[in-house]
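# Observations on the model geometry
As a plain string of letters, each chain reads:
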Amino acid sequence: MPVPPRRPLKTERLVLRPTTGADAGRALEIQSDWEVTRMLRMAAFPPDLPATEAWFSDHEREWFAGEACRFAVEVESRMVGLVDIDEIADAEGELGYWFERSAWGFGYASEAARAAIRFAFEEIGLSVLKSGHAQDNPASGRILAKLGFHYLDTVDRFSRPRGENIRQCRYALAAAGG
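Residues numbered from 1 in each chain as written. Predicted model: local features only at pLDDT ≥ 70, side-chain atom pairs only at ≥ 80, totals over all residues. Heavy atoms only, no water.

### Topic: the nonpolar core
Formed by 37 residues in total, the largest nonpolar core has its most connected members in L16, V83, I85, L95, Y97, F99 and F149. Elements with a contribution of two residues or more to this core: strand 3 (69–75), strand 4 (78–89), strand 5 (92–99), helix 5 (108–124), helix 6 (138–146) and strand 8 (164–174). It is helix 5 that contributes the most residues to this core, 11 residues altogether. Leaving out residues up to four positions away in the same chain, L16 has contacts with R7, P8, L9, T11, F71, A72, V73, V83, A112 and A115. (Core = buried A, V, L, I, M, F, W, Y, C linked by side-chain atoms within 4.5 Å. Buried < 20%, exposed > 50% of the residue type's maximum accessible area, 1.4 Å probe, protein only. Helix = DSSP H or I, 4+ residues; strand = E, 2+ residues; numbered from the N terminus. Contact = heavy atoms within 4.5 Å.)

Okay, structure coming up:
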């Protein structure tokens, strides 16, 4: 599967640019909000700057290795969140996203995710995307439904920030014609 070039994606209101190590500080600010981080499965709370910097510093390598493509989502040149296609293997990947609380309710997650989905199917060449959300985060489920994802099941998954198992609703979306 060819690796697409690292380049920004533009939507009507957003710029999605490939993340860099310099985004770690802003990500730490966003994930310092418990209401944001408690909905993530793998993030630490409170966030740890060296670990966050190490994670962001690895994004370029992940991209060129064909493992993950991660984008900082900007509104008027300010990073308000992140959208990514992760766990890329065997023509499948996983869509993920998180946004600062002040960006909730404006449709940014749907708009950014729609651009990431198009990128995953048209530029990476994936045939299936998976995603999921904590059962107590119905807003994320509404976003996935709006994007055309189909509910698969609900399973127990460990939530690192909560330090316990949570119920996770899982979804899938097939590429057109797939």
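Moving on, there is more to tell.
### A few points about the packing of helix 1 (residues 24–31) against helix 3 (residues 49–57)
Any two packed helices are characterised by how steeply their axes cross, that is the angle between the axes, and by the distance between the axes. It is at 9 Å that the axes of helix 1 and helix 3 come closest, and there the two elements cross at 125°. Here helix 3 runs oblique to helix 1, going by the angle between their axes. Like other packed secondary-structure pairs, helix 1 and helix 3 cross with a definite hand, here right-handed. Residues A24, A27 and L28 of helix 1 lie in contact with helix 3, whose contacting residues are L49, T52, E53 and F56. Here the contact of helix 1 with helix 3 is built from residues that sort into five nonpolar, one polar and one charged. (Axes fitted to C-alpha atoms, helices over the stretch in contact; angles between N-to-C directions. Parallel < 35°, antiparallel > 145°, perpendicular 65-115°, else oblique. Left-handed = near helix turned anticlockwise from the far one by under 90°. Nonpolar A, V, L, I, M, F, W, Y, C, P; charged D, E, K, R; others polar.)

### A look at the sheet that holds strand 6 (residues 128–134)
Ordered by their spatial adjacency, eight strands build an open sheet running 1-2-3-4-5-6-8-7, and the pairing between neighbours is mixed. Bordering the open sheet on either side are strand 1 (9–10) and strand 7 (150–159), each of which pairs with just one other strand. Here strand 1 runs beside strand 2 (residues 15–18); their pairing, made up of two bridges, is antiparallel. Bridging from a neighbouring strand, L9 pairs with L16 of strand 2. Each of strand 4 and strand 5 is contacted by helix 1, which is oriented at about 100° to strand 4, the strand it contacts most. The sheet strands contacting helix 6 are strand 5, strand 6 and strand 8, and the helix crosses strand 6 at an angle near 160°. (Pairing = 2+ DSSP bridges.)

### Notes on helix 6
What helix 6 keeps buried is the set S140, G141, I143 and L144. Mapping the buried residues of helix 6 onto a view down its axis gives an arc of 155°, with all of them on the same face. Away from the buried face of helix 6 by more than 90 degrees, exposed residues R142 and K146 are located. Packing partners of the buried residues in helix 6 comprise strand 5, helix 5, strand 6 and strand 8. Looking one or two places after helix 6, you find G148, whose phi comes out positive at around 100°. (Arc of directions from axis to C-beta.)

### Brief notes about the environment of A44
Relative to the helices and strands, A44 resides in the loop between helix 2 (34–37) and helix 3. As a C-alpha pair, A44 and F106 span 62 residues in sequence and 26 Å in three-dimensional space.

### Some remarks on the environment of A113
Relative to the assigned elements, A113 resides in helix 5. Here A113 falls in the buried class, since its relative accessible area comes to 0%.

### Some details on the packing of aromatic side chains
For the structure on display, the rule yields seven aromatic pairs. Each ring, one from W55 and one from F56, has its centre 5.1 Å from the other, and the planes form 90°; the classification is edge-to-face. Overall, the relative accessible area of 33% leaves W55 in the partly exposed class. Looking at F56, the relative accessible area reads 2%, which means it is buried. (Phe/Tyr/Trp six-rings, centres within 6.5 Å; stacked < 30°, edge-to-face > 60°.)

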